Amino acid sequence: CGELSDVALDAAVRSGAPCALVPCCHSRKNLDALPEARADVEALGLDEALDAARARRLVAAGYEVRRGELCPREVTPKNQLIFARPTAIAV
């Protein structure tokens, strides 16, 4: 899906909507959309560096962000959940 995870997050931010995302797009080409992740790739690994950068972007856009696991890693390694909502509606 290329940059679809980032496109979905951008759409949520533009509309001020809450979102829940299980990013499946973890490739080096995503570093073009998330250049701030480049510095973290070596220390964190590509998947975590990209998802951490996605979370930081949401926080910078005024979102409260929680991250967790959708399911056990044994089910699928693409199990990271990013849940975000604008702080204006955060509880």
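Bear in mind the structure is a predicted one, so any value in this text is a computation, not a measurement. (Residues numbered from 1 in each chain as written. Predicted model: local features only at pLDDT ≥ 70, side-chain atom pairs only at ≥ 80, totals over all residues. Heavy atoms only, no water.)

Overall, the prediction assigns the protein chain a mean pLDDT of 86, with 93% of residues at 70 or greater. The secondary structure element of the protein chain with the lowest average pLDDT is helix H2 (residues 41-44), at 86, and the one with the highest is strand E2 (residues 63-69), at 95. (pLDDT = per-residue confidence, 0-100. Helix = DSSP H or I, 4+ residues; strand = E, 2+ residues; numbered from the N terminus.)

Let's shift gears to the sheet that holds strand E1 (residues 19-21). Taking strand neighbours across the sheet as the criterion, the three strands line up as E1-E3-E2 in an open arrangement whose pairing is antiparallel. Here the strands that pair on one side only, and so sit at the sheet edges, are E1 and E2. Across the sheet, the axes of successive neighbouring strands diverge by a mean angle of 15°, strand direction being ignored. Against the sheet, helix H1 (residues 4-15) touches E1 and E2, its axis set at about 170° to E1. Here helix H3 (residues 46-60) sits on the sheet and contacts E2 and strand E3 (80-86); the angle it forms with E2, its principal contact strand, is near 155°. (Pairing = 2+ DSSP bridges. Axes fitted to C-alpha atoms, helices over the stretch in contact; angles between N-to-C directions. Contact = heavy atoms within 4.5 Å.)

Before going further, it helps to examine the pattern of salt bridges. Throughout the structure, instances matching the rule amount to five salt bridges. Between Arg54 and Asp6 there is a salt bridge; the shortest N-O distance is 2.7 Å. Of this pair, Arg54 sits in helix H3 while Asp6 sits in helix H1; the two residues are 48 residues apart in sequence, bridging distant segments of the chain. Residue class for Arg54 comes out buried when judged on its relative accessible area of 1%. The salt bridge partner of Asp40 is Arg56, with a shortest N-O separation of 3.3 Å. A residue pair is termed long-range when its members are at least 10 positions apart, and Asp40 in the loop between E1 and H2 and Arg56 in helix H3 qualify at 16 residues. Here the salt bridges do not stand alone but share partners, grouping Asp6, Asp51 and Arg54 into one network. (Salt bridge = Lys/Arg side-chain N within 4 Å of Asp/Glu carboxyl O. Buried < 20%, exposed > 50% of the residue type's maximum accessible area, 1.4 Å probe, protein only.)

Our focus in this paragraph is H1. Compared with the 16 Å implied by 1.5 Å per residue over 12 residues, the 17 Å span of H1 between its first and last C-alpha is a close match. Within the sequence span of H1, burial applies to Ser5, Asp6, Leu9 and Ala12. End-on, the buried residues of H1 take up no more than an arc of 120°, which puts them together on one face. Exposed side of H1, more than 90 degrees from the buried face: Arg14 and Ser15 are the residues found there. A positive phi of about 70° marks Gly16, the residue just after H1. (Expected span 1.5 Å × (residues − 1). Arc of directions from axis to C-beta.)

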